[in-house]
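Here's the letter readout for the chains.
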Amino acid sequence: MATAQPNLYSYPGIDALAKQLRPYVLRCQAAALARHDTFRIAVSGGSLPAALARALLAPGNGSPEDTPQFNKWHIFFADERAVPLDHKDSNYLLLKEELLDKIPAELGAPTAHPIDEKHVHDEDPQELADLYQKDLMRSFAAKDSVKLPVFDLILLGCGPDGHTCSLFPGHDLLREKDAWVAAISDSPKPPPKRITLTLPVVTSAINIAFVATGGGKKDIMKEIFDSEEGRSLPCALVNQGGGEKVSWFTDNPAVEGVSFPRSSL
Ligand SMILES: O=C(O)[C@H](O)[C@@H](O)[C@H](O)[C@H](O)COP(=O)(O)O
């Protein structure tokens with residue numbers, strides 16, 4: 001378990017947040033391309049795709065450091081709902097509409113890794129999770145040769161109950177140690193059937209970033225950052241497991257009243 005603290009950044013609003021999220025993501029990109037000439041990331045649903053698009057689709061200064069090289073990106077899903085890819089609840093559809101469809105051709109096209117939609121209507125989403133894990137194995141080498149996939153960056157949201165990915169407070173899935181991808185059939189946030197990266201995969205990433213905005217988040221942010229009782233919340237477990245690899249991009253209303261010290265970039 002990591003000992004160093006996560007970084008908590010706070011900005012006046014979503015525009016200022018997006019301006020800082022962009023160089024953060026692009027620094028992660030540069031380090032990943034230097035390491036293995038590919039940038040492997042995982043993204044969540046909710047408000048995250050729109051924030052990411054606001055950061056990355058803004059005009060840059062044209063320098064290589066400030067330019068997304070999307071043709072080197074492999075985008076996986078931190079969690080996904082067991083619905084067809086054109087369903088309104090699909091995180092893939094959300095990312096496609098918010099970001100993928102809007103990337104100018106000259107920036108190249110990322111390789112997206114959606115779920116296998118042939119299995120979205122199965123009674124049990126386990127097959128969907130197993131197939132997604134196989135997709136990860138193809139990208140991150142066979143599971144036997146690497147214990148866990150190491151993403152260059154995982155981008156997460158924080159639910160009002162402290163969930164992240166589809167890892168919900170008090171759920172058995174939080175104890176999963178072996179699987180890379182797990183199935184859940186009783187998600188408290190609809191729709192109930194989903195797949196999710198597991199906690200060990202999330203905390204093994206080289207960089208982990210949360211985006212949390214709006215006054216609706218301030219109570220749960222206090223629990224996650226300031227209270228003992230909040231230590232078992234999924235977001236707090238990511239903080240404990242990821243330590244200084246974790247960065248929170250928030251706006252001021254989301255962290256109003258939070259005493260945890262702010263970092264600056
Ligand atoms: O597919 C999902 O349901 C999400 O991945 C989920 O974990 C989300 O990130 C949080 O619920 C925060 O959502 P907001 O960013 O919309 O608050």
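Preceding this paragraph is the structure being described.
Residues numbered from 1 in each chain as written. Predicted model: local features only at pLDDT ≥ 70, side-chain atom pairs only at ≥ 80, totals over all residues. Heavy atoms only, no water.

A. Inspection of the site of the ligand at higher detail. Taken together, 16 residues lie around the ligand, and S47, D79, H163, C165 and K217 are the ones closest in. One of the side-chain N or O atoms of K217 is found 2.5 Å from an oxygen atom in the ligand. With the chains in place, 90% of the 420 Å² that the ligand exposes on its own is no longer accessible. Of the residues that constitute the shell around the ligand, the class distribution is two nonpolar, nine polar and five charged. (Near = heavy atom within 4 Å. Polar contact = N/O pair within 3.5 Å; in protein donor to acceptor, adjacent residues only side chain to side chain. Areas by Shrake-Rupley, 256 points an atom, 1.4 Å probe, with all protein chains shown as cover. Nonpolar A, V, L, I, M, F, W, Y, C, P; charged D, E, K, R; others polar.)

B. Layout of the sheet that holds strand β8 (residues 194–197). Reading across from one edge, β4-β8-β7 is the order of the three strands in this open sheet, with antiparallel pairing throughout. Single-partner strands in this sheet number two, and they are β4 (79–81) and β7 (181–184). In this sheet, adjacent strand axes meet at a mean angle of 20° when their direction is disregarded. Alignment of β7 against β8, held across four bridges, turns out to be antiparallel. Looking across to β8, one finds that A182 is bridged to T196. Most of the contacts of helix α4 (residues 126–140) go to β7, to which it runs at about 165°, and overall it touches β7 and β8. (Pairing = 2+ DSSP bridges. Helix = DSSP H or I, 4+ residues; strand = E, 2+ residues; numbered from the N terminus. Axes fitted to C-alpha atoms, helices over the stretch in contact; angles between N-to-C directions. Contact = heavy atoms within 4.5 Å.)

C. Expanded view of helix α1 (residues 14–36). Between the first and last C-alpha of α1 there are 32 Å, a value that for 23 residues agrees with the 33 Å anticipated at 1.5 Å per step. Taken from the residues just after α1, D37 is the one with a positive phi, measuring 55°. (Expected span 1.5 Å × (residues − 1).)

D. Region of interest: the side chain of S187. Looking at the element boundaries, S187 is found in the loop between β7 and β8. For S187, a relative accessible area of 8% corresponds to the buried category. Only 3.1 Å separates the side chain of S187 from the side chain of R194, close enough to count as a polar contact. When neighbours within four sequence positions are excluded, S187 is seen to be in contact with F168, P192 and R194. (Buried < 20%, exposed > 50% of the residue type's maximum accessible area, 1.4 Å probe, protein only.)

E. A look at the pattern of salt bridges. The tally for this structure, following the rule as stated, stands at 11 salt bridges. For the salt bridge of D66 with R22, the shortest nitrogen-to-oxygen distance reads 2.9 Å. Of this pair, D66 sits in the loop between α2 (48–56) and β3 (73–77) while R22 sits in helix α1; the two residues are 44 residues apart in sequence, bridging distant segments of the chain. Grouping residues by exposure puts D66 and R22 together as buried. For K102, the salt bridge goes to E98, with nearest N and O atoms at 4.0 Å. (Salt bridge = Lys/Arg side-chain N within 4 Å of Asp/Glu carboxyl O.)

F. Quick peek at the sheet that holds strand β6 (residues 153–156). Across the sheet, seven strands lie side by side as β1-β10-β9-β6-β2-β3-β5; this open sheet has parallel pairing. The outermost strands of the open sheet, each flanked by one partner alone, are β1 (7–11) and β5 (111–112). As judged from the five bridges shared by strand β9 (residues 208–212) and strand β10 (residues 246–251), these two strands associate in the parallel manner. For F210, the partnering residue across the bridge sits in β10 and is W248. Across the sheet, α1 touches β1, β2 (39–43), β3, β6, β9 and β10, and the angle it forms with β10 is around 160°.

G. The arrangement of the packing of aromatic side chains in detail. Going through the model one piece at a time under the given rule, you end up with 12 aromatic pairs. Note on F225 and F260: the rings are 4.9 Å apart at their centroids and 55° apart in plane angle, and the pair reads as tilted. Here F260 lies in the segment after β10 and F225 lies in helix α6 (residues 218–226), a separation of 35 residues in the sequence. The burial state of F225 is the same as that of F260; both residues are buried. (Phe/Tyr/Trp six-rings, centres within 6.5 Å; stacked < 30°, edge-to-face > 60°.)

H. How the structure looks around the environment of F39. Mapping F39 onto the fold places it in strand β2. You can call F39 buried: its relative accessible area is 0%. Separated by 169 residues in sequence, F39 and I208 have C-alpha atoms that sit 14 Å apart. If sequence neighbours within four positions are ignored, F39 has contacts with V25, C28, Q29, A32, L33, K72, W73, H74, D152 and L153.

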